[in-house]
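Chain residues, written in single-letter form:
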Amino acid sequence: MGTSQVGSIFTYKYHTNTNKLWAEDGSQDDFTNYFNGNLNEEAKNTLNGFDAKRKHDLETLMEIFAPNSCLIQNLIGNENEFEVTCECVDAATKVYSVNGTKVLTAYDAMPFSYVNLNDVLKNRQPYKTHQPQEYNPEQNSIHIAVGDKINFENGYILTVEKDHISVEGYENETYNEKLNRLILGLDTLIRFADQQCPAASLKLQQDSVPMLLRLLGEMSVDTSREFIINGTKCEVVNGEIREADNTHVIPSSAYQKALKHYEEMCLKPLSSRKKS
């Protein structure tokens, strides 16, 4: 068997009478021995954290597909063995199929233990985007960069400073209240787009979101479909601005960094782990 890593695909035969796992060709290898309870010291140097996770997932799968369950009977009928395939999509995502039918996607929460909070909460740090970019209709994208000025017809001018939004042209308190909400919202939007805070931070400025959407519209951004601000792909769902294709709550850059650290840990052999 090859080294377990991201992109690996392994197929085995599982015998329901013996509860044993075999390689696809009917032989035994280090992983099937490991699964079947016959792990030796030499194999601990060839098997790694990906193998440990796959063993745990397969044990869970076999509990779900108990010999007398309707699930297993629908897939294998009266046969006493079935084929199970595991695909490692990334360090935290594995897809399992039985006799060619996808039955389980296993997600691992461990990458979140490698998240650096400094990568998630950067509200007091300078903005990241310094390169101006006008609206790109092909990509539906724009930059809101340090040095940009937003000139309103009512006399207000917002300037994106190094780490905050400054304003010129205050006239009366009625406008100040709305403008203050917009300034706070724009600051959060830029930090969200710069991957310095999660989309949830925008919920704290939810009153400003309609103004932000109008502002983006005035910049020609079409918020009715996916759009890109400062390199971050965004979408509007139920009136909220979110990072598109991100199901991890935290900024995708912070998650990918943590996922990479977790992948490096999973590549270490079982012999270097406290528990195998």
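Refer to the structure printed above.
Reading guide: rules and limits
Residues numbered from 1 in each chain as written. Predicted model: local features only at pLDDT ≥ 70, side-chain atom pairs only at ≥ 80, totals over all residues. Heavy atoms only, no water. Pairing = 2+ DSSP bridges. Helix = DSSP H or I, 4+ residues; strand = E, 2+ residues; numbered from the N terminus. Axes fitted to C-alpha atoms, helices over the stretch in contact; angles between N-to-C directions. Buried < 20%, exposed > 50% of the residue type's maximum accessible area, 1.4 Å probe, protein only. Salt bridge = Lys/Arg side-chain N within 4 Å of Asp/Glu carboxyl O.

Enquirer: Help me out: how do you make sense of the sheet that holds strand 10 (residues 227-229) in this one?
Expert: Strand pairing in a sheet relies on backbone hydrogen bonds, with the paired strands running either antiparallel or parallel. Taken in spatial order, the four strands make up an open sheet running 6-10-11-12, and their pairing is mixed. Strands at the two margins of the open sheet, each flanked by one partner only, are strand 6 (141-142) and strand 12 (240-243). Bridge count between strand 11 (residues 232-237) and strand 12: four bridges; the pairing is antiparallel. Bridging from a neighbouring strand, V237 pairs with E240 of strand 12.

Enquirer: What am I meant to see in the sheet that holds strand 7 (residues 149-151) here?
Expert: Sheet architecture is open: three strands sit in the order 7-8-9, paired in antiparallel fashion. The strands lining the two open edges of the sheet, one partner per strand, are strand 7 and strand 9 (165-168). Across the sheet, the mean angle from the axis of one strand to that of its neighbour is 20 degrees, orientation sign disregarded. Both strand 8 (residues 157-160) and strand 9 contribute to a ladder of four bridges, which runs antiparallel. Residue pairing across strands places I157 opposite E168, the latter belonging to strand 9.

Enquirer: Sorry, what's going on with the pairing of strand 4 (residues 93-98) here?
Expert: Along any regular strand the residues' side chains alternate between the sheet's two faces. By the criterion of burial, strand 4 is predominantly enclosed, with six of the six residues buried. Of the two faces of strand 4, the one holding T93, V95 and S97 and the one holding K94, Y96 and V98 are both buried throughout. Across six bridges, strand 3 (residues 81-90) lies against strand 4 in antiparallel orientation. Residue pairing in the sheet places C86 in a bridge with Y96 of strand 4. Note that strand 4 and strand 5 (residues 101-107) share six bridges and pair antiparallel. Across the sheet, the residue bridging to V95 is T105, located in strand 5.

Enquirer: It is not clear to me how the pattern of salt bridges should be interpreted in this structure. Could you clarify?
Expert: Opposite charge on two side chains allows them to pair when their charged atoms are near. This model, assessed by the stated rule, comprises 12 salt bridges. Its salt-bridge partner being K53, residue D57 comes within 3.3 Å of it at the nearest N-O pair. Taken as a pair, D57 and K53 lie in helix 2 (residues 49-64) at a separation of four residues, close to a single helical turn. Here the two residues D57 and K53 agree in accessibility, since each one is buried. In this structure, D187 and R191 form a salt bridge, with 3.3 Å as the shortest nitrogen-oxygen distance. One end of the pair, D187, and the other, R191, are both in helix 5 (residues 173-193), four residues apart, so they sit about a helical turn from each other. With respect to class, D187 is no different from R191; both count as buried. Overlapping salt bridges bring together K203, E240 and R242 as one network.

Enquirer: How should unusual backbone geometry be read in this particular structure?
Expert: Apart from glycine, the bulk of residues carry a negative phi angle, and the bulk of peptide bonds sit in the trans form. With phi around 55 degrees, N140 is a residue other than glycine that occupies positive phi space. Following the sequence through the fold, N140 ends up in the loop between helix 4 (117-120) and strand 6. A positive phi angle is found at N238, which is not glycine, with a value near 50 degrees. The exposed category is assigned to N238, whose relative accessible area is 74%.

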